[in-house]
Amino acid sequence: MTKMNNEEKKRLIARSKEAFKKEFSHISENDWDIFFGYINEEELLYAFTILLDARKEDIEVECSFENRFVDENDTHRFMIFGEERLPLNYDNVLAIIPNGEFKYLYEKEDITESFVSCIEMLRGDSYSGRFLFSGIIDEESANEGFADLNYTELVYMTSVYMIDEQSAIWKRYFAESYRLYESGQYKLAFLHSFIGFDSLIEYLNGILYDVYQKEQNEYLEGAFINYNRQYFTPLRLIEECVLDSQSYQRMKHLESENRGLIDDKLLTILRYVNDLENKVAERELTCFKFYEKLRNVLAHGDSYEREDIKEMRLYQKYYDVDENEMNFKSIYCDFFENIGQLIKKLVN
(Lines give C-alpha, C1' and ligand atoms only; values in the text may rest on other atoms or scores of the structure.)
Protein backbone atom coordinates (compact mmCIF):
# COMPACT_ATOMS: atom_id res chain seq x y z
CA MET A 1 0.00 0.00 0.00
CA THR A 2 1.31 3.42 -0.95
CA LYS A 3 1.17 5.77 2.03
CA MET A 4 -0.22 9.23 1.49
CA ASN A 5 2.23 12.10 1.60
CA ASN A 6 1.99 14.96 4.11
CA GLU A 7 0.35 17.29 1.63
CA GLU A 8 -2.43 14.81 0.87
CA LYS A 9 -2.91 14.01 4.57
CA LYS A 10 -3.18 17.70 5.49
CA ARG A 11 -5.66 18.28 2.67
CA LEU A 12 -7.87 15.38 3.80
CA ILE A 13 -7.78 16.49 7.44
CA ALA A 14 -8.65 20.06 6.44
CA ARG A 15 -11.52 18.90 4.23
CA SER A 16 -12.82 16.57 6.95
CA LYS A 17 -12.73 19.33 9.56
CA GLU A 18 -14.47 21.70 7.17
CA ALA A 19 -17.22 19.17 6.47
CA PHE A 20 -17.84 18.61 10.19
CA LYS A 21 -17.70 22.35 10.92
CA LYS A 22 -20.40 22.88 8.31
CA GLU A 23 -22.61 20.31 10.03
CA PHE A 24 -22.20 22.05 13.40
CA SER A 25 -21.82 25.61 12.13
CA HIS A 26 -24.62 26.76 14.45
CA ILE A 27 -22.37 26.15 17.49
CA SER A 28 -19.71 28.78 18.12
CA GLU A 29 -16.71 28.42 20.43
CA ASN A 30 -18.55 30.45 23.04
CA ASP A 31 -21.63 28.26 22.62
CA TRP A 32 -19.60 25.20 23.61
CA ASP A 33 -18.69 26.84 26.93
CA ILE A 34 -22.36 27.65 27.51
CA PHE A 35 -23.37 24.10 26.51
CA PHE A 36 -21.05 22.47 29.07
CA GLY A 37 -22.18 24.95 31.71
CA TYR A 38 -25.80 23.94 31.19
CA ILE A 39 -24.86 20.25 31.35
CA ASN A 40 -23.05 20.72 34.66
CA GLU A 41 -26.06 22.61 36.06
CA GLU A 42 -28.41 19.91 34.71
CA GLU A 43 -30.22 22.55 32.65
CA LEU A 44 -30.39 20.06 29.82
CA LEU A 45 -33.12 21.74 27.79
CA TYR A 46 -30.87 24.71 27.04
CA ALA A 47 -27.90 22.43 26.34
CA PHE A 48 -30.01 20.46 23.85
CA THR A 49 -31.26 23.67 22.27
CA ILE A 50 -27.63 24.49 21.43
CA LEU A 51 -26.65 20.99 20.31
CA LEU A 52 -29.71 20.40 18.13
CA ASP A 53 -30.16 24.00 16.95
CA ALA A 54 -33.71 23.99 18.30
CA ARG A 55 -36.03 26.98 18.18
CA LYS A 56 -38.72 28.10 20.59
CA GLU A 57 -42.26 28.57 19.29
CA ASP A 58 -45.31 29.87 21.14
CA ILE A 59 -48.46 28.05 20.07
CA GLU A 60 -52.12 28.05 21.02
CA VAL A 61 -54.45 25.07 21.16
CA GLU A 62 -58.21 25.26 21.06
CA CYS A 63 -59.50 23.06 23.86
CA SER A 64 -62.72 21.09 23.63
CA PHE A 65 -64.41 20.77 27.01
CA GLU A 66 -67.39 19.27 28.78
CA ASN A 67 -69.39 21.13 31.39
CA ARG A 68 -71.46 20.52 34.49
CA PHE A 69 -73.54 22.85 36.64
CA VAL A 70 -71.66 23.92 39.73
CA ASP A 71 -74.92 24.85 41.45
CA GLU A 72 -78.27 23.56 40.22
CA ASN A 73 -79.82 26.84 41.39
CA ASP A 74 -77.42 28.82 39.17
CA THR A 75 -77.82 27.77 35.53
CA HIS A 76 -75.08 30.11 34.34
CA ARG A 77 -72.18 28.83 36.44
CA PHE A 78 -70.29 25.79 35.16
CA MET A 79 -67.41 23.54 35.95
CA ILE A 80 -65.59 22.74 32.70
CA PHE A 81 -63.07 19.95 32.15
CA GLY A 82 -61.35 18.14 29.32
CA GLU A 83 -58.25 16.53 27.85
CA GLU A 84 -56.25 17.72 24.84
CA ARG A 85 -53.13 16.80 22.93
CA LEU A 86 -50.95 19.38 21.26
CA PRO A 87 -51.24 18.98 17.46
CA LEU A 88 -47.54 18.64 16.69
CA ASN A 89 -45.20 16.49 14.65
CA TYR A 90 -43.56 14.84 17.65
CA ASP A 91 -40.62 13.63 15.58
CA ASN A 92 -39.41 17.23 15.73
CA VAL A 93 -40.35 18.14 19.31
CA LEU A 94 -37.58 18.63 21.84
CA ALA A 95 -39.67 19.92 24.73
CA ILE A 96 -43.09 21.26 25.64
CA ILE A 97 -43.03 23.96 28.29
CA PRO A 98 -46.51 24.42 29.76
CA ASN A 99 -47.00 27.92 31.10
CA GLY A 100 -50.49 27.31 32.41
CA GLU A 101 -52.05 30.18 30.50
CA PHE A 102 -55.64 29.68 29.32
CA LYS A 103 -57.62 32.28 27.39
CA TYR A 104 -61.41 32.33 27.26
CA LEU A 105 -62.74 33.96 24.08
CA TYR A 106 -66.16 35.18 22.96
CA GLU A 107 -66.40 36.22 19.32
CA LYS A 108 -62.57 36.19 19.33
CA GLU A 109 -62.46 38.71 22.19
CA ASP A 110 -60.55 37.77 25.35
CA ILE A 111 -63.08 37.72 28.22
CA THR A 112 -61.02 35.60 30.63
CA GLU A 113 -60.77 38.20 33.38
CA SER A 114 -64.52 38.81 33.59
CA PHE A 115 -65.96 35.30 33.08
CA VAL A 116 -63.41 32.79 34.40
CA SER A 117 -63.27 32.23 38.14
CA CYS A 118 -60.38 29.79 37.87
CA ILE A 119 -58.92 27.34 35.40
CA GLU A 120 -55.79 25.24 35.60
CA MET A 121 -53.94 22.31 34.13
CA LEU A 122 -54.37 19.22 36.28
CA ARG A 123 -51.73 17.10 34.65
CA GLY A 124 -49.43 17.46 31.66
CA ASP A 125 -47.16 15.00 29.89
CA SER A 126 -44.34 16.63 27.95
CA TYR A 127 -43.53 13.35 26.22
CA SER A 128 -46.95 12.76 24.64
CA GLY A 129 -48.20 16.35 24.67
CA ARG A 130 -51.42 15.40 26.47
CA PHE A 131 -52.83 17.51 29.30
CA LEU A 132 -55.92 17.56 31.53
CA PHE A 133 -57.58 20.77 32.65
CA SER A 134 -60.57 22.00 34.63
CA GLY A 135 -62.04 25.26 35.86
CA ILE A 136 -65.05 27.34 36.78
CA ILE A 137 -66.69 29.62 34.18
CA ASP A 138 -69.66 31.99 34.43
CA GLU A 139 -71.96 32.95 31.60
CA GLU A 140 -72.87 36.19 33.31
CA SER A 141 -70.64 39.01 34.45
CA ALA A 142 -71.73 42.03 36.46
CA ASN A 143 -69.59 44.30 34.29
CA GLU A 144 -69.61 42.58 30.88
CA GLY A 145 -73.09 41.06 30.60
CA PHE A 146 -73.78 37.60 29.11
CA ALA A 147 -71.50 35.25 27.11
CA ASP A 148 -73.24 32.06 25.97
CA LEU A 149 -71.04 29.05 26.79
CA ASN A 150 -71.99 27.45 23.46
CA TYR A 151 -70.36 30.28 21.49
CA THR A 152 -67.12 30.60 23.40
CA GLU A 153 -63.65 29.18 22.87
CA LEU A 154 -61.06 28.03 25.37
CA VAL A 155 -57.48 28.40 24.16
CA TYR A 156 -54.35 27.09 25.86
CA MET A 157 -51.08 28.92 25.32
CA THR A 158 -47.78 27.05 25.58
CA SER A 159 -44.18 27.09 24.37
CA VAL A 160 -42.58 24.33 22.32
CA TYR A 161 -38.93 23.77 21.45
CA MET A 162 -38.68 22.32 17.94
CA ILE A 163 -35.91 21.03 15.72
CA ASP A 164 -35.98 21.59 11.99
CA GLU A 165 -38.14 19.16 9.99
CA GLN A 166 -35.19 18.44 7.70
CA SER A 167 -32.91 17.54 10.61
CA ALA A 168 -30.84 14.36 10.52
CA ILE A 169 -32.41 11.38 12.27
CA TRP A 170 -29.85 11.42 15.11
CA LYS A 171 -31.24 14.78 16.24
CA ARG A 172 -34.73 13.33 16.42
CA TYR A 173 -33.56 10.43 18.58
CA PHE A 174 -31.76 12.84 20.91
CA ALA A 175 -34.86 15.06 21.12
CA GLU A 176 -37.07 12.09 21.96
CA SER A 177 -34.59 10.91 24.58
CA TYR A 178 -34.77 14.31 26.25
CA ARG A 179 -38.57 14.16 26.46
CA LEU A 180 -38.21 10.78 28.16
CA TYR A 181 -35.64 12.28 30.52
CA GLU A 182 -37.99 15.12 31.39
CA SER A 183 -40.75 12.64 32.19
CA GLY A 184 -38.43 10.88 34.67
CA GLN A 185 -37.79 7.78 32.56
CA TYR A 186 -34.01 8.01 32.85
CA LYS A 187 -33.16 4.46 31.86
CA LEU A 188 -35.31 4.59 28.74
CA ALA A 189 -33.95 8.06 27.98
CA PHE A 190 -30.41 6.67 28.01
CA LEU A 191 -31.38 3.82 25.68
CA HIS A 192 -32.92 6.25 23.20
CA SER A 193 -29.94 8.56 23.46
CA PHE A 194 -27.63 5.68 22.56
CA ILE A 195 -29.74 4.93 19.49
CA GLY A 196 -29.23 8.57 18.57
CA PHE A 197 -25.50 8.26 19.22
CA ASP A 198 -25.33 5.22 16.96
CA SER A 199 -27.11 7.23 14.27
CA LEU A 200 -24.76 10.20 14.81
CA ILE A 201 -21.67 8.01 14.32
CA GLU A 202 -23.11 6.60 11.10
CA TYR A 203 -23.90 10.13 9.97
CA LEU A 204 -20.36 11.36 10.67
CA ASN A 205 -18.94 8.28 8.99
CA GLY A 206 -20.99 9.16 5.89
CA ILE A 207 -19.68 12.73 5.89
CA LEU A 208 -16.11 11.47 6.14
CA TYR A 209 -16.67 8.91 3.39
CA ASP A 210 -17.92 11.64 1.06
CA VAL A 211 -14.76 13.66 1.74
CA TYR A 212 -12.52 10.73 0.80
CA GLN A 213 -14.62 9.84 -2.22
CA LYS A 214 -14.40 13.40 -3.51
CA GLU A 215 -10.63 13.32 -3.01
CA GLN A 216 -10.35 10.08 -4.99
CA ASN A 217 -12.53 11.36 -7.83
CA GLU A 218 -10.52 14.57 -8.12
CA TYR A 219 -7.25 12.69 -8.08
CA LEU A 220 -8.44 10.23 -10.70
CA GLU A 221 -9.67 12.99 -13.01
CA GLY A 222 -6.31 14.75 -12.78
CA ALA A 223 -4.32 11.56 -13.15
CA PHE A 224 -5.99 10.57 -16.42
CA ILE A 225 -5.25 13.99 -17.89
CA ASN A 226 -1.59 14.08 -16.92
CA TYR A 227 -0.35 10.49 -16.64
CA ASN A 228 2.70 9.22 -18.55
CA ARG A 229 1.26 7.06 -21.32
CA GLN A 230 4.65 5.48 -22.07
CA TYR A 231 4.93 4.16 -18.52
CA PHE A 232 1.30 3.57 -17.52
CA THR A 233 -1.66 1.93 -19.15
CA PRO A 234 -5.02 3.21 -17.81
CA LEU A 235 -5.50 -0.06 -15.91
CA ARG A 236 -2.04 0.07 -14.36
CA LEU A 237 -2.59 3.69 -13.40
CA ILE A 238 -5.74 2.73 -11.50
CA GLU A 239 -4.11 -0.29 -9.87
CA GLU A 240 -0.91 1.41 -8.74
CA CYS A 241 -1.92 5.01 -8.17
CA VAL A 242 -5.49 4.62 -6.94
CA LEU A 243 -6.38 1.16 -5.69
CA ASP A 244 -3.05 0.76 -3.91
CA SER A 245 -3.14 4.19 -2.25
CA GLN A 246 -3.68 4.65 1.48
CA SER A 247 -6.45 7.21 0.96
CA TYR A 248 -8.39 4.76 -1.25
CA GLN A 249 -7.98 2.01 1.35
CA ARG A 250 -9.26 4.40 3.98
CA MET A 251 -12.28 5.18 1.84
CA LYS A 252 -13.05 1.48 1.41
CA HIS A 253 -12.71 0.99 5.16
CA LEU A 254 -15.23 3.77 5.78
CA GLU A 255 -17.57 2.08 3.31
CA SER A 256 -17.54 -1.23 5.19
CA GLU A 257 -20.66 -1.67 7.31
CA ASN A 258 -19.68 -4.70 9.41
CA ARG A 259 -17.56 -2.82 11.92
CA GLY A 260 -17.86 -2.21 15.65
CA LEU A 261 -19.62 1.03 16.52
CA ILE A 262 -17.12 2.40 19.05
CA ASP A 263 -13.96 0.35 18.62
CA ASP A 264 -13.88 0.75 14.84
CA LYS A 265 -16.28 3.30 13.34
CA LEU A 266 -15.85 6.01 15.97
CA LEU A 267 -12.19 5.14 16.48
CA THR A 268 -11.60 5.49 12.74
CA ILE A 269 -13.35 8.86 12.60
CA LEU A 270 -11.17 10.20 15.41
CA ARG A 271 -7.99 8.83 13.86
CA TYR A 272 -8.66 10.16 10.36
CA VAL A 273 -10.00 13.58 11.34
CA ASN A 274 -7.67 14.39 14.23
CA ASP A 275 -4.67 12.40 12.90
CA LEU A 276 -4.36 10.39 16.12
CA GLU A 277 -2.37 7.26 16.82
CA ASN A 278 -4.53 4.23 17.49
CA LYS A 279 -3.72 4.06 21.23
CA VAL A 280 -4.38 7.76 21.73
CA ALA A 281 -7.76 7.49 19.98
CA GLU A 282 -8.67 4.46 22.10
CA ARG A 283 -8.05 6.41 25.30
CA GLU A 284 -10.36 9.12 24.01
CA LEU A 285 -13.15 6.56 23.68
CA THR A 286 -12.91 4.83 27.08
CA CYS A 287 -16.13 6.38 28.39
CA PHE A 288 -18.08 5.49 25.24
CA LYS A 289 -17.02 1.86 25.55
CA PHE A 290 -18.56 1.84 29.03
CA TYR A 291 -21.80 3.39 27.76
CA GLU A 292 -21.90 0.84 24.95
CA LYS A 293 -21.51 -2.08 27.37
CA LEU A 294 -24.20 -0.60 29.60
CA ARG A 295 -26.52 -0.29 26.61
CA ASN A 296 -25.87 -3.97 25.82
CA VAL A 297 -26.65 -4.97 29.40
CA LEU A 298 -29.99 -3.19 29.20
CA ALA A 299 -30.80 -4.50 25.73
CA HIS A 300 -30.16 -8.11 26.76
CA GLY A 301 -31.75 -7.83 30.20
CA ASP A 302 -28.48 -8.82 31.90
CA SER A 303 -27.36 -8.05 35.43
CA TYR A 304 -25.33 -4.97 36.31
CA GLU A 305 -23.02 -7.41 38.07
CA ARG A 306 -21.69 -8.66 34.74
CA GLU A 307 -17.93 -8.91 35.07
CA ASP A 308 -17.02 -7.13 31.83
CA ILE A 309 -18.83 -3.99 32.99
CA LYS A 310 -17.90 -4.18 36.69
CA GLU A 311 -14.21 -4.05 35.81
CA MET A 312 -14.60 -0.69 34.05
CA ARG A 313 -13.63 2.45 35.98
CA LEU A 314 -16.94 4.29 35.43
CA TYR A 315 -18.90 1.43 36.98
CA GLN A 316 -18.09 2.60 40.52
CA LYS A 317 -19.13 6.16 39.70
CA TYR A 318 -22.66 5.23 38.65
CA TYR A 319 -23.53 2.03 40.53
CA ASP A 320 -25.55 2.33 43.75
CA VAL A 321 -24.83 -0.78 45.82
CA ASP A 322 -27.71 -0.21 48.24
CA GLU A 323 -30.27 0.20 45.48
CA ASN A 324 -28.63 -2.38 43.19
CA GLU A 325 -29.21 0.12 40.40
CA MET A 326 -27.35 2.43 38.08
CA ASN A 327 -27.82 6.19 38.42
CA PHE A 328 -29.19 6.72 34.92
CA LYS A 329 -29.95 10.38 35.51
CA SER A 330 -26.26 11.04 36.10
CA ILE A 331 -25.27 8.68 33.27
CA TYR A 332 -27.52 10.57 30.84
CA CYS A 333 -26.01 13.96 31.72
CA ASP A 334 -22.43 12.66 31.51
CA PHE A 335 -23.14 10.88 28.24
CA PHE A 336 -24.12 14.14 26.56
CA GLU A 337 -21.20 15.99 28.10
CA ASN A 338 -18.90 13.43 26.48
CA ILE A 339 -20.78 13.64 23.17
CA GLY A 340 -20.30 17.41 23.23
CA GLN A 341 -16.58 17.00 23.95
CA LEU A 342 -16.28 14.53 21.07
CA ILE A 343 -17.98 16.83 18.55
CA LYS A 344 -15.91 19.80 19.71
CA LYS A 345 -12.69 17.84 19.14
CA LEU A 346 -13.80 16.84 15.66
CA VAL A 347 -14.65 20.35 14.51
CA ASN A 348 -11.70 22.17 16.12
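Before reading further, recall that the structure is shown in the block above.
Residues numbered from 1 in each chain as written. Predicted model: local features only at pLDDT ≥ 70, side-chain atom pairs only at ≥ 80, totals over all residues. Heavy atoms only, no water.

(A) View of the sheet that holds strand 3 (residues 74-85). Ordered in space as 2-3-7-6, the four strands form an open sheet in which the pairing is antiparallel. Edge positions in the sheet fall to strand 2 (66-71) and strand 6 (116-124), since each of these pairs with one other strand and no more. Each neighbouring strand pair of the sheet contributes to a mean axis angle of 20°, computed without reference to strand direction. Bridge count between strand 6 and strand 7 (residues 130-138): seven bridges; the pairing is antiparallel. (Pairing = 2+ DSSP bridges. Helix = DSSP H or I, 4+ residues; strand = E, 2+ residues; numbered from the N terminus. Axes fitted to C-alpha atoms, helices over the stretch in contact; angles between N-to-C directions.)

(B) Representation of the state of the cysteines within the structure. What the rule picks out here adds up to zero disulfides. C63 takes part in no disulfide bond, and the closest cysteine sulfur to it belongs to C118, at a distance of 15 Å. C63 gets classed as buried once you look at its relative accessible area, which sits at 4%. Not engaged in a disulfide, the cysteine C287 finds its nearest cysteine sulfur in C333; these two sulfurs lie 14 Å apart. (Disulfide = S-S within 2.5 Å. Buried < 20%, exposed > 50% of the residue type's maximum accessible area, 1.4 Å probe, protein only.)

(C) Geometry of unusual backbone geometry. Phi at E42 is positive, roughly 60°, even though this residue is not glycine. By the secondary structure assignment, E42 is in the loop between helix 2 (29-40) and helix 3 (44-52). On the accessibility criterion, E42 (43% relative accessible area) is partly exposed. For D53, which is not glycine, the phi dihedral falls at a positive 55°. Structurally, the position occupied by D53 is in the loop between helix 3 and strand 1 (55-63). Taking the relative accessible area as the measure of exposure, D53 reaches 44% and is therefore partly exposed.

(D) Local environment of the pattern of salt bridges. With the rule as written, the count across this model stands at 20 salt bridges. As a salt-bridge pair, R55 and E57 come within 2.7 Å of each other at their nearest N and O atoms. The closest approach of N and O atoms between D308 and R306, which form a salt bridge, is 2.8 Å. When its relative accessible area of 25% is taken as the criterion, R306 is described as partly exposed. (Salt bridge = Lys/Arg side-chain N within 4 Å of Asp/Glu carboxyl O.)

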